[in-house]
Amino acid sequence: QVQLVESGGGLVQAGGSLRLTCAASRRTVRSYAMGWFRQAPGKEREFVAAISGSGSSTFLADSVKGRFTISRENYKNTVYLQMNSLKPEDTAVYYCAADTSLGTITTRWHESAYWGQGTQVTVSS
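We now turn to the structure provided with this report. (Residues numbered from 1 in each chain as written. Predicted model: local features only at pLDDT ≥ 70, side-chain atom pairs only at ≥ 80, totals over all residues. Heavy atoms only, no water.)

Secondary structure summary: the protein chain contains one helix and 11 strands in total. Its helices and strands in sequence order give the protein chain the pattern β-β-β-β-β-β-β-β-β-α-β-β, from N to C terminus. If you line up the protein chain on its principal axes, its C-alpha atoms span 40 × 25 × 25 Å. Split into buried and exposed, the 125 residues of the protein chain put 45% on the buried side. Across the protein chain, contacts joining residues at least 24 apart in sequence account for 58% of those joining residues at least 6 apart. In the form shown here, the protein chain has an accessible surface area of approximately 6,300 Å², with 46% of it arising from carbon and sulfur atoms. For the protein chain, the separation between the mean place of its 13 positive charges and that of its 9 negative charges on side chains is 8 Å. (Helix = DSSP H or I, 4+ residues; strand = E, 2+ residues; numbered from the N terminus. Buried < 20%, exposed > 50% of the residue type's maximum accessible area, 1.4 Å probe, protein only. Contact = heavy atoms within 4.5 Å. Areas by Shrake-Rupley, 256 points an atom, 1.4 Å probe, with all protein chains shown as cover. Lys, Arg positive; Asp, Glu negative; His and termini not counted. Charge placed at Lys NZ, Arg CZ, Asp CG, Glu CD.)

Attention now moves to the environment of A98. Structurally, A98 can be placed in strand 9 (residues 92-99). Through-space distance from the C-alpha of A98 to that of G53 is 9.6 Å; in sequence the pair is 45 residues apart. If we skip the residues at most four places from it in the chain, A98 touches L4, V29, Y32, A33, M34, I105, S112, A113 and Y114.

On inspection of all chains with the given rule, the structure shows five aromatic pairs. Here Y32 and Y114 contribute two aromatic rings whose centre-to-centre distance is 6.3 Å and whose plane-to-plane angle is 20 degrees, an arrangement assigned as stacked. Of this pair, Y32 sits in the loop between strand 3 (18-24) and strand 4 (33-39) while Y114 sits in strand 10 (residues 114-115), placing them 82 residues apart in sequence. Judged by centre distance (5.0 Å) and plane angle (55 degrees), the ring pair of F37 and W115 falls under tilted. Of this pair, F37 sits in strand 4 while W115 sits in strand 10, and the two are 78 residues apart along the sequence. A relative accessible area of 0% means that F37 is categorised as buried. The cationic tip of R45 hangs over the ring face of Y95; the distance from NZ or CZ to the ring centre is 3.7 Å. (Phe/Tyr/Trp six-rings, centres within 6.5 Å; stacked < 30°, edge-to-face > 60°. Lys NZ or Arg CZ within 6 Å of the ring centre and 35° of its normal.)

Laid out in structure tokens, this is it:
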């Protein structure tokens, strides 16, 4: 069993930055694909970013390209989401997920094996 714990959320003004952290409980996650997702009030959860186990491949949703960056430090069992130029529409609960398959994280993410509890990001205008 892998536990994922997100942190780094908070309240920020539009144009500001936040860095989210997802810490995993087991070293086995170092080979897992990881992703970030978000869910705004009244909306469905949506894909934000994904990264392969090695970190060599990354994927970003069109809505965050040029503003968000996903990265990982496997020796810390940690994945990051650097969020710059934040907009009010980025307000949501952000979740990280892990799975052995990058394909699952990017295209069938509802089936991802492990999920964190989420961290709230609020962007004021």
